[in-house]
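For reference, the chains in residue letters:
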Amino acid sequence: MHVYEKVRTYINENGYKQIAVAAKAGIPATTFNAILNGKRTMYADDLCAICIALNVSPEIFIDVKQNN
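Bear in mind the structure is a predicted one, so any value in this text is a computation, not a measurement.

K.L.:
I tried to follow the state of the cysteines on my own but got confused; where do I start?
P.N.:
Each disulfide consists of one covalent bond between the sulfur atoms belonging to two cysteines. A full pass over the atoms with the stated rule returns 0 disulfides. Free cysteine Cys48: the closest other cysteine sulfur is in Cys51, separated by 7.1 Å. By relative accessible area, Cys48 is classed as partly exposed at 43%.

K.L.:
Looking at this model, I keep getting lost on the packing of helix α1 (residues 3-13) against helix α4 (residues 44-54). Mind explaining?
P.N.:
The relative placement of two packed helices comes down to the angle between their axes together with the axis-to-axis distance. Relative orientation of the contacting elements α1 and α4 amounts to 15°, with a least axis distance of 12 Å. Our classification of the angle between α1 and α4 gives roughly parallel. Considering the relative orientation of α1 and α4, their crossing is left-handed. Contacts between α1 and α4 involve Val3, Val7, Tyr10 and Ile11 from the first element and Leu47, Ile50 and Leu54 from the second. Looking at the contact of α1 with α4 residue by residue, the class counts come to 7 nonpolar, no polar and no charged.

What counts and how
Residues numbered from 1 in each chain as written. Predicted model: local features only at pLDDT ≥ 70, side-chain atom pairs only at ≥ 80, totals over all residues. Heavy atoms only, no water. Disulfide = S-S within 2.5 Å. Buried < 20%, exposed > 50% of the residue type's maximum accessible area, 1.4 Å probe, protein only. Axes fitted to C-alpha atoms, helices over the stretch in contact; angles between N-to-C directions. Helix = DSSP H or I, 4+ residues; strand = E, 2+ residues; numbered from the N terminus. Parallel < 35°, antiparallel > 145°, perpendicular 65-115°, else oblique. Left-handed = near helix turned anticlockwise from the far one by under 90°. Contact = heavy atoms within 4.5 Å. Nonpolar A, V, L, I, M, F, W, Y, C, P; charged D, E, K, R; others polar.

Remember that the coordinates give geometry; whether it matters functionally is a separate question.
Pasting the structure below:
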């Protein structure tokens with residue numbers, strides 16, 4: 001699952017409105033919608049702003065593999 005899909009799922013499962021998250025993240029609603037639908041690249045700055053808006057760690061959306 002891609003990061004944007006994980007973000008979209010999190011927003012939907014927790015009852016957030018995309019427009020409210022977009023506004024809080026400082027991302028235009030049309031751009032935010034394009035990001036969540038995979039039509040625009042989600043940059044690190046976008047993910048950071050979204051995580052701050054949702055008050056979550058980016059680690060819940062990114063699979064970090066440990067080298068042992």
